[in-house]
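Observations on chain architecture
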Amino acid sequence: MTSQYADPDNLLKAPWKRFDRLPSTNQYLLDLPANELLEGTTCTALIQTNGIGRNNRVWHSPLGGLYLSIAVKPDTPPSQWSQLSLVMACAGSIAIKANFPDTNPLIKWPNDILIENRKVAGVLLQSSNEKPCRVVAGIGINVSLNPVYLPKRPVFPATVLSFESQYPTNLRELEIAVRRSFIELYCLWQRKPQEVVQKWQALCGLSGHEIVFQAPNGTVNGKYSGINDQGFLLIKVDDEILTFPSGDIVGIKE
Ligand code: BT5
């Protein structure tokens, strides 16, 4: 009997397109003709000349970073696809921990990976309008790049794994670990999305913290109260739980 769900071994056989330099690995997979796109197709570049963050922000992408995107075609309702950014955040966090065991990477909703409150990685999810729809999950990780190329951020400043860890950096091994971890978690997510949400909760560094949240229409102070089934942020303000599909956590208090 064939399963309706993707199989990790099959997805791992999908093409892996490697480039020295690209505008954006996410954009490359979004532009790839549908007939060339097998589920699991992966794209990496050593440098991105137009790396993209959320809300059209810039992702600084010099040599020494990991820039990786994977395309999938989920057979689940579009309302659930935003969870794929949680899947990539988990994959990145697990791969960093496995390759740099002396670090403690924690996820900050929805998709930043922080080490000691410094940002080492970010995730961007994008999708196309075609049918069947492709969803592209991309991750950038600062591995061994020169920090002079990183933006100066007042909170959650940028950091680099080679500064945070005593372990040697090996970009190729980290890429392989992120890809494998994403594909395994993606296949689990299709069958048991709640298990992936639980893994994300365990890797998230916000439990029990008061947070300052920049919502599209103002700042909110309250207690982090987890995420809902769609991956939206829940914040307790006074005695009410508020739900936010988008925005940025700009402060974490004790
Ligand atoms: C993100 O956006 O964190 C998503 C980053 C996704 C990058 C990957 S790389 C592979 C794939 N291809 C792409 O073109 N993109 C994806 P956001 O949460 O909006 O954070 C962006 C903000 O982080 C910027 O406004 C800067 O303040 C800061 N930032 C930019 N580059 C950074 C870096 N290399 N390290 C740490 N912080 C950075």
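Notes on the structure follow. (Residues numbered from 1 in each chain as written. Predicted model: local features only at pLDDT ≥ 70, side-chain atom pairs only at ≥ 80, totals over all residues. Heavy atoms only, no water.)

Section: helix α6 (residues 193-203)
Because each turn of an α-helix spans 3.6 residues, side chains separated by three or four positions end up pointing in the same direction. Going by this rule: Residue burial is assigned from relative accessible area. The probe radius is 1.4 Å, only protein chains are included, and a residue is buried under 20% of its type maximum, exposed over 50%, and partly exposed in between. Each helix is a run of DSSP H or I of at least 4 residues and each strand a run of E of at least 2, with the numbering of both proceeding from the N terminus. Working definition: the arc comes from the directions between the helix axis and the C-beta atoms, pointing outward to the latter. Here, two residues are considered to be in contact whenever any of their heavy atoms come within 4.5 Å of each other.
Buried within α6 are the following residues: V196, V197 and W200. Taken end-on, α6 shows its buried residues confined to a sector of 100°, consistent with a single buried face. Residues of α6 that are exposed and angled more than 90 degrees away from the buried face: Q198 and A202. Contact partners of the buried residues in α6: α3 (83-99), β4 (105-108), α5 (171-191) and β9 (218-227).

Considerations on the packing of α5 against α6
Helix-helix packing is described using two parameters, namely the angle between the two axes and the distance between the axes. Selection criterion: Orientation is described by axes fitted as lines to C-alpha atoms, over the contacting stretch for helices, and by angles from 0 to 180 degrees between their N-to-C directions. We call two directions roughly parallel when the angle between them is under 35 degrees, roughly antiparallel when it is over 145, roughly perpendicular when it lies between 65 and 115, and oblique otherwise. Each residue is assigned to one of three groups, with Ala, Val, Leu, Ile, Met, Phe, Trp, Tyr, Cys and Pro labelled nonpolar, Asp, Glu, Lys and Arg labelled charged, and all others, Gly among them, labelled polar.
The N-to-C vectors of α5 and α6 enclose an angle of 130°; their axes lie 5 Å apart at closest approach. Judged by the angle between their axes, α5 and α6 are oblique. In this structure, α5 contributes L185, L188, W189 and R191 to the contact, and α6 contributes P193, E195, V196 and K199. Here the contact of α5 with α6 is composed, by residue class, of 5 nonpolar, no polar and 3 charged.

Details of the layout of surface pockets
Where we set the bar: Cavity and pocket criteria rest on a 1 Å grid covering protein atoms alone: a 1.4 Å probe that fits but cannot get out defines a cavity, protein on both sides within 12 Å along at least 5 of 7 lines defines an open pocket, and an atom within 4 Å of a point defines a lining residue. Grid points are joined across faces, edges and corners, and a volume is the space filled by probe spheres set on the points.
When its volume is computed, the largest pocket comes out at roughly 560 Å³. Lining of the largest pocket is provided by 35 residues; of these, G53, R54, V58, W59 and K119 occupy positions nearest its centre. The class makeup of the residues in the lining of the largest pocket is 15 nonpolar, 13 polar and 7 charged. Along its surface, the second largest pocket is lined by 24 residues, and R54, S85, P110, L125 and P245 are the ones closest to its centre. When residues of the lining of the second largest pocket are traced back to their parent elements, those giving at least two are α3 and β6 (118-127). If you tally residues by element for the lining of the second largest pocket, the top one is β6, at 4 residues. Residues that form the lining of the second largest pocket fall into these classes: 10 nonpolar, 12 polar and 2 charged.

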